Structures are given as C-alpha cells and as structure tokens.
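Overview (structure and organization)
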Amino acid sequence: MSDRAYLLFAQQQQDRGIDVEQVKAKIKALKLETPSWGYADSGTRFKVFAQPGVPRDPYEKLADAAEVHRVTGACPSVAIHIPWDKVEDYARLKQHAEDLGIAIGAVNPNLFQEDDYIFGSVCSVDPRVRRKALAHLLECVEIAKTVGSGVISIWLADGTNYPGQADLRKRKHWLMQALAETCQAMPPDMRMMIEYKFYEPAFYHTDLTDWGMAFNAAVKLGEQAQVLVDTGHHPQGTNVEHIVAYLLDEQKLGGFHFNSRKYGDDDLIAGAINPYELFLIFHQIIAASADENPGVRRTAERIAYMIDQSYAIEPKIPAMIRSVLNVQTQYAKALLVNLEELGRAQEAQDVLAAENIVREAFECDVRPLLRVVREEMGLPADPMKAYLESGYADQILSRGKGGAGW
C-alpha cells in the first residue's frame, strides 16, 4: 500500500470535515489489555485442544504477550487469572513483566473451578464456602497491590439450574456482602469491574445475569465499582451499544472484555462475526468523550479495554494479534464519524442523513491510515506479517506440547 493511498485517504477525510492528525493521535493512544489465558491451552466444554509451543507457566505467558505488544505497540498490559497464574513470588512476576516491557493489568479471581463451588461461591448457602470465596477475593486484592494492578475484574458463575433450587433473594444479599467486603479492602485507587452473564454454566438463573444487576451493584458499592461489558454475554439481538451509552451516561462503564459470538458465549476473535457492533460501541464511547458533562467525558477516557478470548483451534499468538488489529480497525473507523454533522442531522430529524453519516464512516478503508500510524510509531506496518517472519513461533516449539491450560 503506497503513500499515495494514504494521501488520498487523508484528503477524503479532510473533505468530510475530519481532522486526520487528531484521529492518528487517538489511535496511537488506544491501549488494549491481552489475557494471560488467551495464550494457554483452551477449548470447549467438550475438550481442551493441546497445541505445541503453548506457555507452561505465567512467565512464558507474559513472554508471548510481550511479543504481541512488540509487533502491535498497543498491548502494554496483561490480565492475569488466579489461580491459573498463581506463583510463589508475585513481585518477581511483576519484575519479569517489566523486564519484557509490559505490565500486569487486571487481576481476575477464579470462583468457578473448585468442587466446593458446585452450588455457588459467594452465593452458596454454605457459610464455609462463602468464607472461602471471600478469602480468595481478598487474596486477589493483595495480589493486585503487589503487582501494581488497579483493577479487580470479577465474573461469577454462581447460579442455579432449577426452579426452587435456592432462595434467590438470600443469594443476592450474600453476593452484595462479599462484593462490599472486597471493595472495603481495596485501596482508593483500585477499581472493581463487575461482569455479568445471562446464562451458562447455570441455566435457570445467574446471580449476576445482566447489565442492570451489575449496574445496581456498582451503584450500591460506590465510586470504586463499575460495570464490565463482555461483548459475548448477551441474549441474541441485544443492542449492546445502547447499554454502553446508558452506562457511559450514568458514569458507571468501567471496562470491556472484547470477543465475538455467533450463538452464545463463543469467545471468538473480536470483530470476526459482527464488526459493525464493535464499531457502534466505539462510536458511543467517542461521542461520550466529547460530551459537555465532564463526568461522562472522564468515564469514557478511563475505560479499561481488555480482550477476553479462548482460542480453541487457532494458533494463540496470531489469533491475539488478529483480535488486536480488528479492534484497532473498528476504533479507527468510529473516529471518522463527523459528530458535528451527525448532531445537525439528528436535530433536523433527518433519519437517512444521520444513518448515512454513521455508515459512511464504517465503510471507509482505514488500512492506509493504520499503516501510517504504525510507521510513525516505529512499528511494523503489517504486524501479522512481522510476527510470522520473526521466527518466534519456531522458537517456542521447544516448550513442547501440553503447556499451561485452564
């Protein structure tokens, strides 16, 4: 792709009233957090597929994440999951990340993979199990302090499979008590991200089933608690960008777990199934960043963008790179919406004009723009090609097969 392609693109955007230099600056500032578990062996409910070269421990997961950051320049932090990433010395793990040029990001407690949690963790009727689950949440707060993380990201599998199985209101009270005690243990600069999911692994009811419940919990818990939107955790047909807009306006949107789904919580590569939805989500965030309310603007600017995917059949590192590139592409397109022109069309109630302004940005080819942005940042113009030619994939084959998994 030649410089001529970029010059033509820049002229076209200038004609549309878009400040391309400002767009480039915002693309350069976009940071995405990759998940340690995305580099590990993973699979479906039926099988985990082992791949050669998969990391054998958290240190190797960080090394793979650093390779993604090296070629994309957009992934300076890595989310960890405890106990999947449990180590004896978390200060050493933090130093290892820093030596690789990255940092440890969100700490994710695991309250769904022990036998004690068969009927729930913080929502269990058994007080011993509830105490155990709370102790793990508090443990993760201490780990986050040690590794320098500012985010505790909580997703609960708690729920029931049959009517009458449990007292739903009692479970709600136990849930809020655990979240409140966890919040109280957090330092003032740490945030709690509350994630929701409407089904699976529980099929009758889930204790945090939708954004409304997560929002209500975050409001009750106070300033440090916010909602985390996983793009795969909604019923079919849900208008996710509407939820995003609502949470932004309420100043309770804390972060994202980006992935794609076709049917359920499929954990596919972000932007692979419905890129228009991802574009529209970013459109709402960018519009909020220009809001006259400073609280809304601050909320939009503090969003933690995280990828949450389990690459069951894809090679791990290339799949992660593809996710990052897809997110960057839709973010870049969303920056091309002329918000002033859109506002005028909305005020005039010109439905077709307003829709066209949004769609026109989505249809723009931003490849010349992204190539120039990467070159200006001293990055490979084609991150995927750079990785495939780096030899890193061959180097990690020495790890063998059957590395760390879930």
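Located above this text is the structure these notes cover.
Residues numbered from 1 in each chain as written. Predicted model: local features only at pLDDT ≥ 70, side-chain atom pairs only at ≥ 80, totals over all residues. Heavy atoms only, no water.

**Re the overall build of the protein chain**
In terms of regular secondary structure, the protein chain is built from 16 helices and twelve strands. A principal-axis box enclosing the C-alpha atoms of the protein chain has dimensions of 65 × 55 × 40 Å. Looking at the protein chain as a whole, 55% of its 406 residues are labelled buried. Taking the contacts inside the protein chain whose residues are at least 6 apart along the sequence as the reference set, 80% of them involve residues at least 24 apart. Surface summary for the protein chain: the accessible area is close to 18400 Å², and the carbon and sulfur share equals 52%. When the 43 basic and 56 acidic side-chain charges of the protein chain are each reduced to a single mean position, those positions are 2 Å apart. (Helix = DSSP H or I, 4+ residues; strand = E, 2+ residues; numbered from the N terminus. Buried < 20%, exposed > 50% of the residue type's maximum accessible area, 1.4 Å probe, protein only. Contact = heavy atoms within 4.5 Å. Areas by Shrake-Rupley, 256 points an atom, 1.4 Å probe, with all protein chains shown as cover. Lys, Arg positive; Asp, Glu negative; His and termini not counted. Charge placed at Lys NZ, Arg CZ, Asp CG, Glu CD.)

**Notes on the packing of aromatic side chains**
Across all of its chains, the model carries 19 aromatic pairs by this definition. For the ring pair Tyr 276 and Phe 279, a centre distance of 5.7 Å and an interplane angle of 10° mean the geometry is stacked. Remark: Phe 279 and Tyr 276 occur in helix H9 (residues 275-288); sequence separation between them is three residues, near one turn of the helix. Classification of Phe 279 as buried rests on a relative accessible area of 0%. (Phe/Tyr/Trp six-rings, centres within 6.5 Å; stacked < 30°, edge-to-face > 60°.)

**Observations concerning the layout of surface pockets**
To locate leftover empty space, one rolls a probe as large as a water molecule over the atoms. Taken as a whole, the second largest pocket encloses approximately 480 Å³ of empty space. Ala 29, Lys 31, Glu 301, Ile 303 and Tyr 305 are the residues nearest the centre of the second largest pocket, which is lined by 25 residues in total. Sorting the residues of the lining of the second largest pocket by element identifies helix H2 (20-29), strand E5 (103-109), H9, helix H10 (294-301) and strand E12 (304-307) as the ones contributing at least two each. Sort the elements by how many residues they give to the lining of the second largest pocket and E5 lands first, with three residues. Residues belonging to the lining of the second largest pocket are distributed by class as follows: 15 nonpolar, six polar and four charged. (1 Å grid on protein atoms, 1.4 Å probe; cavity = no way out; pocket = protein on both sides within 12 Å on 5 of 7 lines; lining within 4 Å. Points joined across faces, edges and corners; volume = space filled by probe spheres on them. Nonpolar A, V, L, I, M, F, W, Y, C, P; charged D, E, K, R; others polar.)

**Side note on the pattern of salt bridges**
A complete count under the given rule lists 23 salt bridges for this structure. With its nearest N and O atoms 2.8 Å apart, the salt bridge here joins Glu 139 to Lys 86. Note that Glu 139 is positioned in helix H5 (residues 127-147) and Lys 86 in the loop between strand E4 (77-82) and helix H4 (90-99), a separation of 53 residues in sequence. Residue Glu 139 is classed as partly exposed on the basis of its relative accessible area, which comes to 27%. With relative accessibility at 47%, the residue Lys 86 sits in the partly exposed group. When the shortest N-O distance is used, the salt bridge between Lys 385 and Glu 389 registers 3.0 Å. Of this pair, Lys 385 and Glu 389 both sit in helix H15 (residues 383-390), four residues apart, which is roughly one turn of that helix. (Salt bridge = Lys/Arg side-chain N within 4 Å of Asp/Glu carboxyl O.)

**Topic: empty space enclosed by the protein**
Taken as a whole and assessed by the stated rule, the structure comprises one cavity of 30 Å³ or more. Roughly 70 Å³ of volume is contained in the largest cavity. Forming the walls of the largest cavity are 13 residues, and the residues nearest its centre are Ile 27, Thr 72, Gln 328, Val 373 and Met 377. Those elements that place two or more of their residues in the lining of the largest cavity are H2 and helix H14 (367-376). Sorting elements by how many residues they give to the lining of the largest cavity places H14 first, with three residues. Residues of the lining of the largest cavity, tallied by class, amount to seven nonpolar, three polar and three charged.

**Some thoughts on the environment of Gln 330**
Turning to its location among the elements, Gln 330 is positioned in helix H11 (residues 316-334). Judged by relative accessible area, Gln 330 falls into the buried class, the value being 6%. Considered as a pair, Gln 330 and Phe 282 are 48 residues apart in the sequence and their alpha carbons are 7.4 Å apart. Those residues within four positions of Gln 330 in sequence are excluded, and the remaining contacts are Pro 275, Leu 278, Phe 279, Phe 282 and Phe 362.

**So, the nonpolar core**
Of all hydrophobic cores here, the largest spans 117 residues; its most connected members are Ile 194, Phe 256, Phe 258, Ile 285 and Leu 369. Counting residues per element, this core draws most heavily on H11, at ten residues. Phe 258 has contacts with Leu 32, Thr 231, Ala 270, Leu 278, Phe 282, Tyr 305, Met 306, Ile 307, Asp 308, Gln 309 and Val 327, leaving out every residue within four places of it along the chain. Grouped together as the second largest cluster of nonpolar side chains are nine residues, Trp 37, Ala 106, Leu 228 and Ala 304 included. (Core = buried A, V, L, I, M, F, W, Y, C linked by side-chain atoms within 4.5 Å.)

**Examining the side chain of Arg 130**
Relative to the elements of secondary structure, Arg 130 occurs in helix H5. For Arg 130, which is buried and forms no salt bridge, the nearest opposite charge comes from Asp 126, at a distance of 6.5 Å. Not counting residues within four places of it along the chain, the set of residues in contact with Arg 130 comprises Ser 121, Val 122, Ser 124, Val 125 and Trp 174.

**What about unusual backbone geometry?**
The peptide bond linking Ile 82 to Pro 83 adopts the cis configuration, its omega dihedral lying at 20°. Mapping Pro 83 onto the fold places it in the loop between E4 and H4. Here Glu 200 and Pro 201 are connected by a cis peptide whose omega angle stands at 10°. The topology assignment puts Pro 201 in the loop between strand E8 (191-195) and strand E9 (205-206). Within the chain, Gln 251 stands out as a residue other than glycine whose phi angle is a positive 60°. Looking at where Gln 251 falls in the secondary structure, it is placed in the loop between helix H8 (240-249) and strand E11 (253-258). Residue classification places Gln 251 among the partly exposed positions, given a relative accessible area of 34%. A positive phi angle, near 60°, is found at Gln 349, a position not held by glycine.

**Re H15**
Of the residues making up H15, those classed as buried are Pro 383, Met 384 and Tyr 387. What you see down the axis of H15 is that its buried residues fit within an arc of 100°, all on one side. Packed against the buried residues of H15 are helix H3 (58-72), H11, H14 and helix H16 (392-395). Its side-chain oxygen placed 3.3 Å from the backbone nitrogen of Met 384, Asp 382 serves as the N-cap of H15. Once H15 ends, the next one or two residues include Gly 391, with phi positive near 90°. (Arc of directions from axis to C-beta. Polar contact = N/O pair within 3.5 Å; in protein donor to acceptor, adjacent residues only side chain to side chain.)

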